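Okay, here's what each chain looks like letter by letter:
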Amino acid sequence: MSKNPWDVHPVQALRAGPGFDLSTFDPSATPGWSDDRDDGEERMAEQGARLADLQEMLFAEGRSGGARSVLLVLQGMDTTGKGGIVRHVVGMVDPQGVDHASFGKPTPEELAHHYLWRIRNALPRPGRLGVFDRSHYEDVLVVRVENLVPPDVWGQRYDEINAFEAELVGSGTAIVKVALMVSLDEQRSRLGERLERPDKYWKYNPADLDARAKWPDYREAYQALLDRTSTEIAPWFVVPANRKWYARLAVTELLVDAFERLGLRWPAAEFDVEVEKDRLENS
Ligand code: AMP
Ligand code: MG
């Protein structure tokens, strides 16, 4: 399989454009992909190798004085597979080139600062693929649903986040925003597995059930986020995640696309190659 097997590339199939409606979204679907899972896994391996090459080129550029980076923002409720994306997708590239950050409940120090403070501190260095497992978007998701600040405070954050991301893009960071969606049934079965298996207890948090109970509120908060922060320069991609193989393949493709848009090249030698060959020969 080397010719493009997609009917519609995920960049088109998954982009949250105007009028995107979460209430009719199917988390079991495989938009743009009509082949089976085995074909999907084969494609994933091929594109993983491509992603690793592209990431190495970006790293090389960073080593040669380039300022550019790529930032993958992962959002999704518990059990949507954010950790699996980090392990199986980001895990395909050289870990030296990855800057990973996860964002939980803010610490007292973080709370004493503006909500973007901890985000700015975790931005990818030049040449790196940054990965945010949760992000500044929690400040318009859990914060909105749980009334952690008044509506006029979180209400201003959408525009502020758009301005922040425009600043990042302007300084050379390509942003790939992914919202992973599972169905309520699928979440039940994944949480159930965490309760059945001692090797999964550590992932279970009784508070996950409180968030689950507020599913409609979260859906409303996600809808608002998609309506207000899916911009030209940093669009959201809404990824159906009931089928893990599909979600991982789709995110791989979104990343490959973002890297390809950078038009990366291997940096030219900063020395005379022929002279160095002669020196080596005579050494
Ligand atoms: P996990 O990703 O499963 O480790 O859970 C992290 C938890 O931190 C989730 O329940 C998030 O909703 C919560 N969290 C992340 N960011 C914030 C925030 N800015 N304010 C409050 N809770 C947050
Ligand atoms: Mg969790």
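**Student:** Explain unusual backbone geometry to me, using residue names and the numbers behind them.
**Tutor:** Although it is not a glycine, Thr79 adopts a positive phi angle of roughly 70 degrees. By the element assignment, Thr79 lies in the loop between strand S1 (69–76) and helix H3 (82–88). Despite not being glycine, Arg134 has its phi angle at roughly 70 degrees, a positive value. For Arg134, the location among the structural elements is in the loop between strand S3 (129–133) and helix H6 (142–145).

**Student:** Account for the pairing of S3, naming residues and giving values.
**Tutor:** On a regular strand, each side chain points to the face opposite its neighbour's, so the side chains alternate between the two faces of the sheet. Along S3, five of the five residues are buried, which leaves the element largely enclosed by surrounding structure. The alternating pattern of S3 places Leu129, Val131 and Asp133 on one face and Gly130 and Phe132 on the opposite face, and all of these are buried. Pairing of S1 with S3 involves five bridges; the strand directions are parallel. Paired with Leu74 across the bridge in S3 is Asp133. Direction of pairing for strand S2 (residues 98–102) relative to S3: parallel, over a ladder of five bridges. Counterpart to Ala101 in the pairing with S3 is Phe132.

The rules behind each value
- Per chain, the residues get numbers from 1 upward, laid out in the order the sequence is written.
- Numbering of ligands from 1 and lettering of chains from A proceed in the order in which they are written.
- At least 70 in pLDDT is required for a residue's local features to be given in this predicted model, at least 80 for side-chain atom pairs to be given and counted, and no such filter applies to totals for whole chains, interfaces and linings, which use all residues.
- Derived side-chain values reflect all non-hydrogen atoms in the structure, with water molecules and hydrogen atoms excluded from consideration.
- Per the convention used, a helix needs a DSSP run of H or I reaching at least four residues, while a strand needs a run of E reaching at least two, with both numbered from the N terminus.
- Relative accessibility under 20% of the residue-type maximum defines a buried residue, over 50% an exposed one, and the middle range a partly exposed one, all with a 1.4 Å probe and only protein chains included.
- Whether two strands pair depends on DSSP finding at least two bridges between them.

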